[in-house]
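Read off the chains here:
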Amino acid sequence: MSLPTLSSTAPPLVGRRRTWAFAIVAIAFVMDLLDVTIVNVALPAIGRSLQAGHAQVAWIVAGYALAFAVLLVIGGRLGDLYGHRTMFLCGVGSFTLASAACGLAGSADALVLARLAQGACAAIMVPQVLTLMQAMYAPHERMRAFTIFGLLGGVSSALGPVVGGLMVDANLAGLGWRLVFLINLPVGLLAIAGALRLLPQDPPQPGTVLDLGGTLWCLAAAVAWAVPLVQGPEQGWTLPLFALLACAPGFTLGLWQHCRRLEARGGQPIVQPSLLEDRGYRLGLGLSLLCTGVLPAYLFVMTLAWQLGAGLSATQMSLLSMPIALGVMLSVSTLGRIAFQRLGGRCIGLGLGIQALGIALMAVISAGGLGEPVQQVLAPPGLLAQGLLGLGVGFIGPPLTAVTLQSVPRAQAGGASGAVNAGRQFAAVLAIALVAALLPSGPGQAFTPRTLLQALPVLMGLLLLSMGLAWRLPAVPPTPVPAAAH
């Protein structure tokens, strides 16, 4: 998300009203982050209920991230244009409606469309959060508040599969998987009511313009890269899919040229090409694109292998996901911060190495190298592998944000931060699409624990490439790390 743009002289909220206002924006923030990962454990139940195909299952996860990534920067600028409180209310309200559409979907295609809408609504809602935080807290108080949000971000994302599994097996009121979406209705209504009463009004920022052309180029490029990889294995590599993939580099080049021309005219492109002149920003953005999609793609294939392939229940998948959540909590709150304070940016390579160990151990387990795979994955070896994957998050995410943005001029910090976070969402989309392209999808094909062996080498390769790139990052002196980005 973009950095706050409200005037630093805006009067902060005080007292109990500020506490409750903080809780309201935190609710919206957590609601979005949970929805990114909560659906993973529900995928087998969704597939059975809606007779979803392999590609549709992948789009249920990737569609949310795709819409979020394309519209994230525009969402932040809409807040500047119309007021952040106004756009927060629009975002929460539309996100709640989209969640209802997800929960009531009668077909797999309807659910995919609703997830796309949900991601688009999140892109309107989420960028307003940090900006509203600036209105609530005086400058000297903000770091503590942002630190709390960073911890909430890491923990919420990691807890998604845990909460989702428990909801699916609880089957409250016979809702099953639909509850993971419908739970957003009361939460969203509470956030709307609280925002109307508590959040401060803020004036629109003059001079803000929307780069709609850049957004369209961005959408075209993202679709051209992702759709063939997801649809090809199931539908066959037809001429239209080959043609679309062949267009992807051209669309990407078109986006770049559009942004260069607009920036040269003094405009506000969706991506600022001049930022890439900074070596640290260029390498940090590239590293984000390489490594931040690994965990979302792993969660996707893990569900298919162990839940569909090995028959684990949703509750068992919650247990299997718990070490990831605990690892994230430990590293984001404590270990990652200590490592950054002592090692500076070098802790990023350490985090990537920790995740690579987790991937390697899970590959050994799924291959039967330690005994019967299902028994081992729910025993200490499997829980350790999961914990290592979560533990690496705190060594990578917040420090990588700090390293990437360290030399960016203050006037460009908002756009730079927005591009980094959009890039991380694109990384998730492309990693999921790449993994989906490697998995069995034809008639009679079945998932097994060994299905992981088709995807884990690719994820390991991404981590190893990322480790090499991490050592090329500019040296960053040890320093307290900022709150994690989305």
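What you see is a predicted model; the values in this text were computed from it and never measured.

> Looking at this structure, how should I read the overall build of the protein chain?
On a plain count of helices and strands, the protein chain comes out with 19 helices and zero strands. Relative to the globule expectation of 23 Å for 486 residues, the C-alpha radius of gyration of the protein chain, 21 Å, shows essentially globular dimensions. Here the protein chain, with 486 residues, has 58% of them falling under the buried criterion. Total accessible area computed for the protein chain in this model is approximately 18500 Å², and 68% of it derives from carbon and sulfur atoms. In the protein chain, the 23 positive side-chain charges and the 13 negative ones have mean positions that sit 8 Å from each other.

> Before we go on, may I ask you to explain the nonpolar core in this structure?
In a soluble, globular protein the nonpolar side chains are often hidden away together inside. Counting residues in hydrophobic clusters, the biggest one holds 107 residues, and the most contacted among them are Y298, F300 and W306. Broken down by element, this core gets its largest block of residues, 12 residues, from helix α3 (residues 54-82). Those residues within four positions of Y298 in sequence are excluded, and the remaining contacts are I324, I359, M362, Q386, L389, L456 and L459. A21, L33, A98 and A422 belong to the second largest nonpolar core, which has 34 residues in total.

> What exactly am I supposed to notice about the pattern of salt bridges here?
Where side chains of opposite charge bring their charged atoms close, a pairing between them can arise. Per the stated rule, a full pass over the model turns up one salt bridge. A salt bridge links R115 to D35, with the nearest nitrogen and oxygen atoms 3.9 Å apart. With R115 in helix α5 (residues 108-125) and D35 in helix α1 (residues 15-37), the pair connects residues that are 80 residues apart, well separated along the chain. Look at R115 and you get buried, because its relative accessible area is 0%. Classification of D35 as buried rests on a relative accessible area of 1%.

> I would appreciate a short explanation of α5 in the present structure.
Along an α-helix, a turn takes 3.6 residues, which lines up residues three or four apart on a common side. The terminal C-alpha atoms of α5 lie 25 Å apart, and with 18 residues this matches the ideal 26 Å at 1.5 Å per residue to within 8%. Buried within α5 we find A108, L111, V112, A114, R115, Q118, G119, A120, C121, A122, A123 and M125.

Quick notes on the rules
- Positions within a chain are numbered from 1, following the residues in the order the chain's sequence is written.
- Only residues with pLDDT of 70 or above have their local features reported here, since the model is predicted, and side-chain atom pairs are shown and tallied only from 80 upward, although totals for entire chains, interfaces and linings are computed over all residues.
- To get the side-chain values, all heavy atoms of the structure are used, and hydrogens and water are removed first.
- Each helix is a run of H or I in the DSSP string that is no shorter than four residues. Each strand is a run of E no shorter than two, and both are numbered from the N terminus.
- Radius of gyration: C-alpha atoms only; globule rule: 2.2 Å multiplied by the number of residues to the exponent 0.38.
- Note on classification: 1.4 Å probe, protein chains only; a residue is buried when its accessible area is under 20% of the maximum for its type, exposed when over 50%, partly exposed between these limits.
- For the area figures, the Shrake-Rupley method with a 1.4 Å probe applies, and any residue is considered shielded solely by the protein chains shown.
- Think of it this way: Lys and Arg go in the positive column, Asp and Glu in the negative one, and His and the chain ends go nowhere.
- Charge coordinates come from a single atom per side chain, which is NZ of Lys, CZ of Arg, CG of Asp or CD of Glu.
- To form a nonpolar core, buried Ala, Val, Leu, Ile, Met, Phe, Trp, Tyr and Cys residues must be joined to one another through side-chain atoms within 4.5 Å.
- In what follows, residue pairs with any heavy atoms lying within 4.5 Å of each other are defined as contacts.
- Just to be clear on terms, a salt bridge is a Lys or Arg side-chain nitrogen sitting within 4 Å of an Asp or Glu carboxyl oxygen.
- Here the expected length of a helix is defined as 1.5 Å per residue gap, with one fewer gap than residues.

Shape is all these values report; function is a separate question.
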